[in-house]
Each structure stands twice: as structure tokens, then as C-alpha cells.
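# Examination of the molecular architecture
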Amino acid sequence: MHTPPRLLLTPGPLSTAPETRRALADDWGSWDDAFRELTRHVCQRLVEVAFDEPSAAHASDIACVPMQGSGTFAVEAMLGSLVPRGAHVLVLVNGAYGARMQRILQVMGRQVTVLDQGDWEPPSPERVAALLDADSSISDVAMVHCETTSGVLNPVEAIAALAAARGRRIYVDAMSSFGALTLDPRRVPWTGLAASANKCLEGVPGMGFVLARRGALEASRGNASSLSLDLHDQWTYLERTGQWRFTPPTHVVAALRAALALHQAEGGSAARAARYCRNHAVLVAGLRALGLEPLVPERLQSPIIVSFLCPDHPRFSFDAFYRALHTRGFVIYPGKLTRVDTFRVGCIGHLFPDDLHRFVRAVADVLGELGVAAPTPPRAAPRPAVSPSTP
Ligand SMILES: *Cc1c(COP(=O)(O)O)cnc(C)c1O
């Protein structure tokens, strides 16, 4: 049973480097000193990645708590543990992942106010400031950095600054941006930030982690109403014993160490973001030349993933499009929006501009095979690549 190699143009799980996959070959005893050292090393490296500068990480007030499971487990552990039981949380929603934070908080019975921007429009800092000024009972703010639903980048820097200036705590789902787009804890006053191994760090799926201010972690004892997702308990147990509380995803941690070494060798988050921007530029220029338009304006777009409008053509069906691309070795994502039909293409993972050039040629081929003519005339020139610091 051999599956031919495919490129995953998806936002996690994604294509990984051979070195990362090779690290999966070893078995680890979870009680072994070597595995404790592996966990300690990976957690330390994750804090370094947050700062993009090892020396700053060592003197910092940020701790890393790893969590078994997919990324959502880490987000749920962060919110369920760091948000006090009597808190009132403003959740900023412009896609499925913001809506998931809302749902998590509602399931655990926290008071929630939602600013819902619809399918993709980013929340405006002015509106958030007005909401906080109008309701002093709001104690916490939760938001997503890159909303992977659409590929939009939300203004975390501006909103965290104004929330902190008003004495509010802020939690960020940085799942699909961490490792490429930095929210340096010295500049951005978040209380907690959740991410996972299998997005821009290019590890394999099976674990997430929460970076948090030590003071907030210390104050979170007894907040959680879940045993397995109790971040405080996981943190203090790790500090005391060097071990995870329950069966750790040993192979996944080993693969993450290898992936983090590749991240460092590439030049850290800035270099990784630059590669994703090159991928993104090839993708968007190539598909626009075929008449496929991105959903959101370029200035709001992250280099992580792009939503394209499905061609408005009777012969186009996402399923046929997906299958024909799959046959050619490319895996894409369906759209996740409520109002328009889209498909999504990720620029992250062990992918390079040449891969995206090959992908664009495959799309051209498939549109021809399906008999879908260019749905809209391509505009004059491709727009410039985004920079990772926008907006
Ligand atoms: C991938 C992702 C998650 C986590 O999803 P899982 O399927 O639980 O790994 C959460 N938030 C964002 C923004 C994501 O991109």
C-alpha cells in the first residue's frame, strides 16, 4: 500500500520536510531523561520563536505549556484555564476560528459578548475601543491573528495595545501565524497565545502549546473546569517533574524538535514569512491570470492561505476540481464561508515557489479539462506581494 507523494496546499496538516518525518522513526519512553530533555528543549525553543531572539526569551516572563491534541485543545486549555470563572469576554469573530473561541467560552459557561464582522472583515480597533469603554464589566478579549477561514490578518497589535491600556487581558489564537508572523511579547501585551506544531512551524499534528505570562499562569490555579485541559495543572506538573501529566505525543515532540531546527536554519520567522510571501505571490498572480480572483482585498490578506472565489460557471464543481487536482498530486481545501462559494489554497508548509508554479499549471490544465473558461477577465498586472507586517 503506497500512496504517491502529494503536496498538501492546506493549512495543517501540511507538507513536511523529510528531516521532520524521519524524526518520527524513534520510539521514546515518556519517563526517560532523554524525553524530559526533549520536552524542555522544545518548550524553550518555542518561547525563543515567540521573541525571534533567544536572549530576550531567557529573561522573559513567558512560559510555554505544551498540550496534547489538535490546536483547538490548546485554545480551549488557554481560555478554560486563564479566563477567570466570573469573567466577561469580548470575542472578536470574523470566521470559523473566532466563532470556535466563542463556542468554547459558551460551553464552559463564561459570559460572552461577540463582535461579529461576518465572513472576513477584520474588527476595527476603534469599534473595539468603543465597546470596551461602554461596558466596564468586560474583563478579557479573545481574538484570532490569521483567520484561516478566509486568510485575513487581524490587527492584533493595535487591539492588544488598546485593550491593555484599558486594563483588559487579551488571548490570541495565533495557530496559523506563529512561526511566521511574530507577535513579540515585548511589543504586544497578550496574556496568552495558542498555536500548534503543524502550521507554520511545519511539524506533524498531535500537539499544541500555550505561551502565557507567568503571573497569569500562577493566578489561574483552580479556574479550569476540565481536568485534561487544565493548563495550570499541566504547567506545575511539568515544572515539578519534567513530564507531561498524561501520555505525551512522543513522536510528535521529536518531529517538532527537528522542525524547529529547520525553522532556525532557514533564518527564523522572518525568513519563513518571506518564503510564504514568495509562494503567495506566485499563487495569486498565477491564478488571477487564469481568471480566479481572491476573496479579500490584498491589503487585508495574510501570506498564509488564500480564499479564491469559485468560478461562476455551470461546469465548475468543487468536487470535480478537487479530484482532478488530487490526481495531479495537489491537495487543496474547500471554502468555509457562509455566503459565497470559495476554495482555499495554503502557502505554508514545506513548499517553495516552484511548487506553486507547478500548482498553477495544474489548475490551468484542470480548468481546461472541466471546460471552464476564464470566469472573469484577468486584470492588467498582478498586484505586488504582501509584506508580512501588513496591515
Ligand atoms: C488550524 C487552526 C486551529 C486549530 O484547528 P485544529 O483542527 O483543532 O488543529 C485554530 N485556529 C486557527 C486560526 C487555525 O488555523
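Presented here is a report on the structure given in the accompanying data block. Please read all numbers here as calculations on a predicted model, not as lab measurements.

Each value, and the rule that gives it
Residues numbered from 1 in each chain as written. Predicted model: local features only at pLDDT ≥ 70, side-chain atom pairs only at ≥ 80, totals over all residues. Heavy atoms only, no water. Helix = DSSP H or I, 4+ residues; strand = E, 2+ residues; numbered from the N terminus. Expected span 1.5 Å × (residues − 1). Buried < 20%, exposed > 50% of the residue type's maximum accessible area, 1.4 Å probe, protein only. Core = buried A, V, L, I, M, F, W, Y, C linked by side-chain atoms within 4.5 Å. Contact = heavy atoms within 4.5 Å. Arc of directions from axis to C-beta. Salt bridge = Lys/Arg side-chain N within 4 Å of Asp/Glu carboxyl O.

### A short note on helix H10 (residues 250-266)
For H10, built from 17 residues, the straight-helix expectation of 24 Å at 1.5 Å per residue is met to within 8% by its first-to-last C-alpha distance of 25 Å. Among the residues of H10, Thr250, Val252, Val253, Ala254, Ala255, Leu256, Ala258, Ala259, Leu260 and His263 are the ones counted as buried. Once H10 ends, the next one or two residues include Gly267, with phi positive near 120°.

### Looking at the nonpolar core
Counting 49 residues, the largest nonpolar core has Leu46, Phe178, Trp190 and Leu211 as its most contacted members. Per element, the largest residue contribution to this core is nine residues, and it comes from helix H2 (residues 33-51). When neighbours within four sequence positions are excluded, Leu46 is seen to be in contact with Cys64, Phe178, Leu201, Phe209, Leu211, Leu256 and Leu260.

### Some points on helix H13 (residues 353-370)
A rise of 1.5 Å per residue sets the reference length of H13, with its 18 residues, at 26 Å; its end C-alpha atoms lie 26 Å apart and thus fit the reference within 8%. Within the sequence span of H13, burial applies to Asp355, Leu356, Phe359, Val360, Ala362, Val363, Val366, Leu367 and Leu370. Burial along H13 is one-sided: seen end-on, the buried residues are contained in an arc of 165°. Summarising the geometry of H13, the exposed residues directed more than 90 degrees from the buried face are Asp354, Arg361, Gly368 and Glu369. Turning to H13, the residues buried within the fold contact strand S1 (7-8), helix H11 (268-289), helix H12 (318-327), strand S12 (330-331) and strand S14 (342-346). Positive backbone phi, approximately 75°, marks Gly371, located one or two places after H13.

### Topic: the pattern of salt bridges
One pass over the structure, following the stated rule, counts 17 salt bridges. With its nearest N and O atoms 3.2 Å apart, the salt bridge here joins Asp365 to Arg328. Of this pair, Asp365 sits in helix H13 while Arg328 sits in the loop between H12 and S12, and the two are 37 residues apart along the sequence. We classify Arg328 as partly exposed; its relative accessible area is 28%. Asp355 is the partner of Arg358 in a salt bridge, and the nearest nitrogen-oxygen pair spans 3.3 Å. Taken as a pair, Arg358 and Asp355 lie in helix H13 at a separation of three residues, close to a single helical turn.

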